[in-house]
Amino acid sequence: MWSHNKFRTVRAVALKTDMATKIIYFTVNGRPEQAEFPVDCPAQDVKDLFRSAAEAGPHDILKLYNPKGNIINISPRLEPNSPNSCYKLEVVAADCNSEPLGVELAVALGFDLSSMEKRLQGLEKKILIEAGETPAVVYEMKRQVESFREKLESVEHLSWLGLFKELSEGTQKPSPFYHKRTLRKTREECEHVREKFLQMSSLEVSEEVRQYLKTPTFDNWQWEDAEIMVLLQVMYTDLDFIATFNIEPEVLHQFLYEVYKRYNNIPFHNFKHCFCVTQMMYGLIWLTDLKSKIDSIDLLTMLTSAVCHDLDHTGYNNAYQINARTELALRYNDISPLENHHCAVAFEILEKNENNIFRNLTTEQYKRIREGIIKCILATDMTRHNEILNKFKSILPVFDFSNKDHRDVLMMIMIKVSDISNEARPMDVAEPWLDCLLQEFYNQSDMEKLEGLPVTPFMDRDKVTKPSSQTGFIGFVLLPLFIELANLFPCLEQHIIDPVRKALDYYTEMEKALEREKLIRAQSDKAAAAKNKDTTPQNLQNPQKTADSLSEAGNALKPPTL
């Protein structure tokens, strides 16, 4: 049914006709729609409503964009809008298993049967919604189940003292309370993500998302872990690794799942960080047209190194490992303990045939990839930063893509840039990552204080502020590294140099503002102290006189003696 403004209306069932409702205007494939649902409608009902409008299947991935092009959550908290500022609903990945059959039947019958089936499924849902025949008791039960599910998701840990929960400050908070979760992922957590990933692994990701995935502006916060695994699969497919190296889909699925399992629940060096580094590497490969300059084995080495570069990171850096004499420091003789461990875990995963995406390579190809991955991951140890950067600078004037030594250094520079590239992203993507990093840093310095170890200066919560942590890092580490890569690939200037310079300006201004605020507060405290001194009664400034006065006052207040 079309309304006067040409927006078709889809509704969620309301228990009472006078219940307050929200109206959301949006488009699907250019078709205007308008959704109406009660303000206290369960989240799943709202998602089903939009899924119905898009005629999407149960495992399809939907994304809703605001007029600015940013992804927003499909939930009862959606802000009402007007037809002039409508949202855009897209199916960014859809189940394509039945497409070949659908195409064959379409030719034979003269129409697309699979498309017709999807429309019928959508119509069935709309009839149920608009007929309003769902019993009130069922609606109430769904509401209670949804409420109970939300409570369970808000529980951060269980203890023998009872059940405790601490609600997050906002629905958009990117960093979970990792300090109250188990370090290793639970079996249930992993199985849930695995099931969702396998359901989505056959989805066809839209061309728009594929192109977006190649840009440094990609927003990781809008994607769940299972969806991220689908996007990693897209990277291996679009770089032609599947066909070139005969990587079986089920082996790639198992490899990505094992990688996901081995990233821990810590604030920064987690699976989302793994994805961000890999996505930046992927974007740089496309932006620099590296496919035409080096062979596929080097590209496969670079992408897989990014995927594996922080496996089983526990949130404590090499300095802590060495000072605390941990098992890793002892095992690797204080030489890049973490990076050596990340490599070892990567090849432990690849050692199992069912996970080994390299199992169809020749012995010589595998040897070359293993050597390359080890070099790349070990290069992410920041204590080697100047050594690697200086080596790159020395060969830049005569850089030769056919020279293996030159390519090796470039691969190390590329993973280093990708590893610390957050500030090259839009501020609303980059700044939450800084919050996560500082949380991890503060956790380490707190532990160092507790254990009586040397406290890492740039991690001390009593000395480091958000802007101070960034201004020096961007100025002395990020920019010099990024500029040298841009000297080889000038096209990167606008993509990674300009955003980093803007980030430096942003944090420099923030630091100045904090200093001004600190100075004003100090002056205000000083003035207040002086004022208090001037207004203090004279007798209070002389303790003996004050005591005598109080004694006299006390005597005067005594009742007369009979």
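Along every chain, residues carry numbers that run from 1 in the direction the sequence is written. Given that the model is predicted, a residue must reach a pLDDT of at least 70 before its local features are reported, and side-chain atom pairs must reach 80 or more before they are shown or counted; all residues, however, enter totals for whole chains, interfaces and linings. Each side-chain value is worked out from all heavy atoms of the structure, with water and hydrogens disregarded.

Overview of the UniProt feature "binding site: Zn(2+) 1" (unreviewed entry) in the protein
This is how the line gets drawn: UniProt positions are given in the numbering used here, feature names are shortened, and annotations may be inferred rather than shown by experiment. Helix numbers and strand numbers start at the N terminus; a helix is a DSSP run of H or I with at least 4 residues, a strand a run of E with at least 2. Two N or O atoms count as a polar contact when they lie within 3.5 Å, although within protein this holds only if one can serve as hydrogen donor and the other as acceptor, and sequence-adjacent residues are included solely when both atoms are side-chain atoms.
Per the UniProt record, "binding site: Zn(2+) 1" (unreviewed entry) is annotated on His273, His309, Asp310 and Asp419. A stretch of 147 residues holds the annotated residues, and the largest C-alpha distance among them is 10.0 Å, short enough that they meet in one place. By secondary structure assignment, the location of His309 is in the loop between α11 (296–308) and α12 (318–323). Within polar-contact distance, the side chain of His309 engages the side chain of His273 at 3.1 Å. Relative to the helices and strands, Asp419 resides in helix α17 (residues 404–419).

Quick look at the pattern of salt bridges
Operational definition: Only one rule defines a salt bridge in this text: a Lys or Arg side-chain nitrogen within 4 Å of an Asp or Glu carboxyl oxygen. Think of it in three bands: with a 1.4 Å probe and only protein chains considered, a residue is buried below 20% of the maximum accessible area for its type, exposed above 50%, and partly exposed in between.
Under the counting rule described, the total for this entry stands at 29 salt bridges. For the salt bridge of Asp298 with Arg368, the shortest nitrogen-to-oxygen distance reads 3.2 Å. In this pair, Asp298 sits in helix α11 while Arg368 sits in helix α15 (residues 363–378), placing the two residues 70 residues apart along the sequence. Owing to a relative accessible area of 5%, Asp298 belongs among the buried residues under this scheme.

Some points on the packing of α17 against helix α19 (residues 466–488)
Describing two packed helices takes the angle between their axes plus the distance from one axis to the other. Spelled out, the test is: Between N-to-C directions, angles cover 0 to 180 degrees, with each direction set by a line fitted to C-alpha atoms, over the stretch in contact for helices. Here roughly perpendicular refers to angles of 65 to 115 degrees, roughly parallel to angles under 35, roughly antiparallel to angles over 145, and oblique to all remaining angles. Note on convention: near helix rotated counterclockwise from far helix by under a right angle means a left-handed crossing. Clockwise means right-handed. Only heavy atoms matter for contacts: two residues are in contact if any of them lie within 4.5 Å across the pair. Under the grouping applied here, Gly and all other residues not named as nonpolar or charged are polar, the nonpolar ones being Ala, Val, Leu, Ile, Met, Phe, Trp, Tyr, Cys and Pro and the charged ones Asp, Glu, Lys and Arg.
Where α17 contacts α19, the axes come no closer than 10 Å and their chain directions differ by 130°. The angle between the axes of α17 and α19 places the two elements in the oblique class. Considering only the axes of α17 and α19, their crossing is left-handed. On the side of α17, the interface is formed by Leu410, Ile413, Met414, Lys416 and Val417, while α19 contributes Leu481, Phe482, Leu485 and Leu488. Partitioning the contact of α17 with α19 into residue classes produces eight nonpolar, no polar and one charged.

Here's the deal with the UniProt feature "binding site: Zn(2+) 2" (unreviewed entry) in the protein
Here the UniProt feature "binding site: Zn(2+) 2" (unreviewed entry) sits at Asp310. Here Asp310 lies in the loop between α11 and α12. Residue contacts for Asp310: discarding those within four places in its chain leaves Tyr263, His269, His273, His342 and Asp419.

A closer look at the packing of aromatic side chains
As a reminder, the rule being used: Within 6.5 Å between ring centres, the rings of Phe, Tyr and Trp (the latter by its six-membered ring) count as paired, and their orientation is classed by plane angle as stacked under 30 degrees, edge-to-face over 60, tilted in between. Charge-over-ring contacts are defined here by two conditions on Lys NZ or Arg CZ: a distance within 6 Å of the ring centre and an angle within 35 degrees of the ring normal.
In this structure the tally under the stated criterion is 18 aromatic pairs. Ring geometry for Phe401 and Phe489: centres 6.2 Å apart, planes at 40°, overall tilted. Here Phe401, found in the loop between α16 (385–395) and α17, pairs with Phe489, found in the loop between α19 and α20 (492–535); they are 88 residues apart in sequence, far enough to count as distant. Classification of Phe489 as buried rests on a relative accessible area of 4%. Directly above the ring of Trp223 sits Lys63, whose terminal nitrogen or CZ lies 4.0 Å from the centroid.

Some remarks on the side chain of Gln470
Looking at the secondary structure, you find Gln470 in helix α19. For Gln470, the contacting residues outside a window of four places in its chain are Glu423, Leu434 and Tyr507.

Quick notes on the packing of helix α18 (residues 427–451) against α19
Remark: α18 packs on α19, axes separated minimally by 11 Å, with the N-to-C direction vectors making an angle of 105°. Taken together, α18 and α19 sit at an angle that is classed as roughly perpendicular. Across the interface between the two elements, Glu431, Leu434, Asp435 and Leu438 from α18 touch Lys466, Ser469 and Gln470 from α19. For the contact of α18 with α19, the residue count by class is two nonpolar, two polar and three charged.

Section: the side chain of Asn355
If you trace the backbone, Asn355 turns up in the loop between α14 (337–351) and α15. Polar side-chain contacts of Asn355 include one of 3.1 Å to the backbone oxygen of Ile349. Excluding anything up to four places from it in sequence, Asn355 contacts Val251, Gln254, Phe255, Glu258, Ile349 and Leu350.

A look at the pairing of strand β3 (residues 31–38)
Our working definition: The rule for pairing is simple: two strands pair if DSSP sees at least two bridges between them.
Extensive coverage of β3 is indicated by the burial of six of its eight residues. Pairing analysis gives eight bridges linking strand β2 (residues 21–28) to β3, with the strands arranged antiparallel. Looking at β3, one finds that Tyr25 is bridged to Gln34. Between β2 and β3, which pair antiparallel and follow one another directly, the connecting turn spans two residues, one of which, Asn29, has a positive phi of 55°.

Re α15
Counted only if it meets this: An expected span of 1.5 Å times one less than the residue number is assigned to each helix.
For α15, built from 16 residues, the straight-helix expectation of 22 Å at 1.5 Å per residue is met to within 8% by its first-to-last C-alpha distance of 23 Å. Of all the residues in α15, the buried ones are Ile369, Gly372, Ile373, Cys376, Ile377 and Leu378.

Here we look at unusual backbone geometry
Its identity is not glycine, yet Glu55 carries a phi of approximately 55°, on the positive side. Relative to the helices and strands, Glu55 resides in the loop between α1 (43–53) and β4 (61–65). Since its relative accessible area comes to 24%, Glu55 is described here as partly exposed. A positive phi angle, close to 60°, is found at Asp312, a residue other than glycine. Residue position: Asp312 is located in the loop between α11 and α12. Take Asp312: its relative accessible area is 10%, and that puts it in the buried class.

Here we look at the environment of Phe218
Locating Phe218 in the fold gives a position in the loop between α6 (207–212) and α7 (225–238). For the pair Phe218 and Gln279, spaced 61 residues apart in sequence, the C-alpha separation works out to 8.2 Å.

Considerations on the confidence of the model for the protein
The line we're drawing: Note: pLDDT gives the predictor's confidence per residue, expressed from 0 to 100.
Looking at the protein, the pLDDT average stands at 83 and 76% of residues meet or exceed 70. Scored below 50 in pLDDT, residues 1–5 shows 12 contacts in the model against residues more than four places distant or in partner chains. Of the regions scoring below 50 in pLDDT, residues 549–562 engages in zero contacts with residues more than four places distant in sequence or in other chains.

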